[in-house]
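Analysis of the macromolecular model
Below are the chains, spelled out letter by letter.
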Amino acid sequence: MIRRDGDAPRLLILGAGPTQEPLILRARELGLELMVVDANPRAPGLSLAHHPLRISTLDVPGILAQARPFRPHGVTTVGSDRAVSAVSQVARALGLPGLDPDAAARANSKLRMRQALEAHGVPAPRFIAVDDLVGAKSALADLGLPVVVKPVDNAAQRGVRRLDDPAGLPAALAEARRFSGSGTVLVEQCVDGPEITVSSFTVQGKLHAVLVADRYTNPPPYLGIALAHVYPSQWAQPCWEQVFEVTRRGLDALGIDRGPAYTQLRVDQDGPKIMEIGAR
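Cut-offs applied
- Along each chain, the written sequence defines residue order, and numbers are assigned to residues from 1.
- At least 70 in pLDDT is required for a residue's local features to be given in this predicted model, at least 80 for side-chain atom pairs to be given and counted, and no such filter applies to totals for whole chains, interfaces and linings, which use all residues.
- By convention in this description, side-chain values take in all heavy atoms of the structure and omit both hydrogens and water.
- Here a helix means four or more residues in a row that DSSP labels H or I, a strand means two or more in a row labelled E, and each is numbered from the N terminus.
- What the globule rule says is 2.2 Å times the number of residues to the power 0.38, and the radius of gyration is computed from C-alpha atoms.
- Note on classification: 1.4 Å probe, protein chains only; a residue is buried when its accessible area is under 20% of the maximum for its type, exposed when over 50%, partly exposed between these limits.
- Contact criterion: two residues are considered in contact whenever any of their non-hydrogen atoms come within 4.5 Å of each other.
- Salt bridge, as used here: a side-chain nitrogen of Lys or Arg that lies within 4 Å of a carboxyl oxygen of Asp or Glu.
- A 3.5 Å cut-off defines polar contacts: any pair of N or O atoms within that distance qualifies, except that in protein one atom must be a possible hydrogen donor and the other a possible acceptor, and neighbouring residues in sequence count only when both atoms are side-chain atoms.
- Aromatic pairing here means that ring centres of Phe, Tyr or Trp (its six-membered ring) are within 6.5 Å. Orientation follows from the plane angle: under 30 degrees is stacked, over 60 is edge-to-face, and everything else is tilted.
- Scored between 0 and 100, pLDDT is the confidence that the predictor attaches to each residue.
- Grid points spaced at 1 Å over the protein atoms alone were grouped into cavities, where a 1.4 Å probe fits but cannot get out, and pockets, open sets with protein on both sides within 12 Å along at least five of seven lines, with lining residues defined by an atom within 4 Å of a point.
- Grid points are joined across faces, edges and corners, and a volume is the space filled by probe spheres set on the points.
- Nonpolar residues are Ala, Val, Leu, Ile, Met, Phe, Trp, Tyr, Cys and Pro. Charged residues are Asp, Glu, Lys and Arg, and all others, Gly as well, are polar.
- Axes here mean lines fitted to C-alpha atoms, for a helix over just the part in contact, with angles spanning 0 to 180 degrees between N-to-C directions.
- Every angle not falling under 35 degrees, over 145, or within 65 to 115 is termed oblique; those three ranges are roughly parallel, roughly antiparallel and roughly perpendicular.
- At least two bridges found by DSSP between two strands are what make those strands a pair.

Within the protein, the secondary structure is distributed over eight helices and 13 strands. Computed over the C-alpha atoms, the radius of gyration of the protein is 20 Å, within 12% of the 19 Å expected from 2.2 N^0.38 for a compact globule of 280 residues. Projected onto its principal axes, the C-alpha coordinates of the protein cover approximately 65 × 40 × 30 Å. For the protein, the proportion of its 280 residues judged to be buried stands at 49%. By sequence separation, contacts in the protein at least 24 residues apart represent 56% of the contacts at least 6 residues apart.

Evaluation of the coordinates by the stated rule reveals 16 salt bridges. For Lys150, the salt bridge is made with Glu188, and the minimal N-O distance between the two is 3.1 Å. Residue Lys150 is found in strand β6 (residues 147-151), and its partner Glu188 is found in strand β8 (residues 185-189); the two are separated by 38 residues along the sequence. The pair Lys150 / Glu188 is uniform in exposure class, with both members buried. Glu175 serves as the salt-bridge partner of Arg161, at 2.7 Å between the closest nitrogen and oxygen. Taken together, the positions of Arg161 in strand β7 (residues 161-163) and Glu175 in helix α7 (residues 169-178) put the pair 14 residues apart, joining distant regions of the chain. Judged by its relative accessible area of 18%, Arg161 is buried.

On the secondary structure map, Ala172 appears in helix α7. Ala172 sits in the buried class, given a relative accessible area of 1%. The spatial distance from the C-alpha of Ala172 to the C-alpha of Val149 is 6.5 Å, given a sequence separation of 23 residues.

So, on to helix α4 (residues 101-108). Every α-helix winds through 3.6 residues per turn, so residues three or four apart in the chain are directed the same way. For α4, every residue scored as buried is listed here: Pro101, Ala103, Ala104, Ala105 and Ala107. Contact partners of the buried residues in α4: α3 (81-94), α5 (110-119), α8 (240-254) and β13 (271-279). For α4, the N-terminal capping position is held by Asp100, with its side-chain oxygen 2.8 Å away from the main-chain nitrogen of Asp102.

It is worth spelling out the environment of Gln115 at this point. By secondary structure assignment, the location of Gln115 is in helix α5. On the accessibility criterion, Gln115 (41% relative accessible area) is partly exposed. The spacing of Gln115 and Phe127 is 12 residues in sequence and 9.0 Å in space, taken between C-alpha atoms.

Turning next to the packing of aromatic side chains. Summed over the entire model, instances satisfying the criterion amount to two aromatic pairs. A ring pair is formed by Tyr216 and Trp235, whose centres lie 4.9 Å apart and whose planes are at 50°; its orientation type is tilted. Placement of the pair is Tyr216 in strand β10 (residues 206-217) and Trp235 in the loop between β11 (226-230) and α8, with a sequence separation of 19 residues.

In the predicted model, the protein carries a mean pLDDT of 91, and 96% of its residues have values of at least 70. With pLDDT under 50 throughout, residues 1-5 is counted as low confidence; its partners more than four residues away or in other chains account for 13 contacts.

What follows covers empty space enclosed by the protein. Throughout the structure, instances matching the rule amount to one cavity of 30 Å³ or more. Roughly 30 Å³ of internal volume is contained in the largest cavity. In terms of lining residues, the largest cavity is bounded by Thr202, Gly205, Leu207, Arg248, Leu251, Asp252 and Ile256. Sorting elements by how many residues they give to the lining of the largest cavity places α8 first, with three residues. The class makeup of the residues in the lining of the largest cavity is three nonpolar, two polar and two charged.

With that settled, the discussion passes to the packing of α4 against α5. In helix packing, the relevant descriptors are the interaxial angle and the interaxial distance, both defined with respect to the helix axes. Put simply, α4 and α5 touch, their axes get as near as 5 Å, and they point 105° apart. The angle between α4 and α5 places the two elements in the roughly perpendicular class. Contact residues: α4 offers Asp102, Ala105, Arg106, Ala107 and Asn108, while α5 offers Lys110, Arg112, Met113 and Ala116. Taken together, the residues of the contact of α4 with α5 sort by class into four nonpolar, one polar and four charged.

Quick look at the pairing of strand β9 (residues 195-203) now. With eight bridges joining them, β9 and strand β12 (residues 259-268) adopt antiparallel strand pairing. Each residue of the ladder has a partner; that of Thr197, found in β12, is Gln264. Pairing geometry for β9 and β10, over eight bridges, is antiparallel. Looking across to β10, one finds that Ser199 is bridged to Leu211.

Here you go:
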């Protein structure tokens, strides 16, 4: 049975790890009654919750079974790309404000993201989805070197590698497949140029850029691991309007019409291209 601490607003938080702990602490400071979900019994945020729930943050039916009697006024997460999809599904099922589940699914799948960007004509790398070495070799022949090989459904740059030598294709493919839940891998055009990130918040369909920074990453062959973000962005200055316009079009293509997002772009001789978009 759910016990309530008075008439405090109720918040459901998916995730109780170190990246969610600041959110949980702040919610407690605001006097909210908290149900917090995490499968790890040692997750630090569980001890801070009024109602700790020890199940996976991806177990939507299990979360809903507990959340319905709790009757939260809102559901959220921070610091977890994978939980964003579950948050959107829970919000939809409970009639709460949230990101459209289809938009969240597109943001969580690099393949669906690429397909949406392509369908809307948003500047982005060319790509081919493959399931085996034969397909990967065909993609390499089509795209040419260098390419980036990455899993379609993981986060934190796991399994992402730049390939400059075709001899390394089997190893790159095997590593990407190891981190791909579906086994599908993207082989995509490598875009050389400075990397820019746009942290934004969309309210009533209107994009508000909160911070534009230059993103410094580790050298190849492993790509995309951020070493530093430098603000204000110097690389965005020559193409400021283009950066915002491409970002807006990318968010529209995915259907992200509310809330925070994190867009990574690279600028080559043709202008800004979207590398990835993270819904938050």
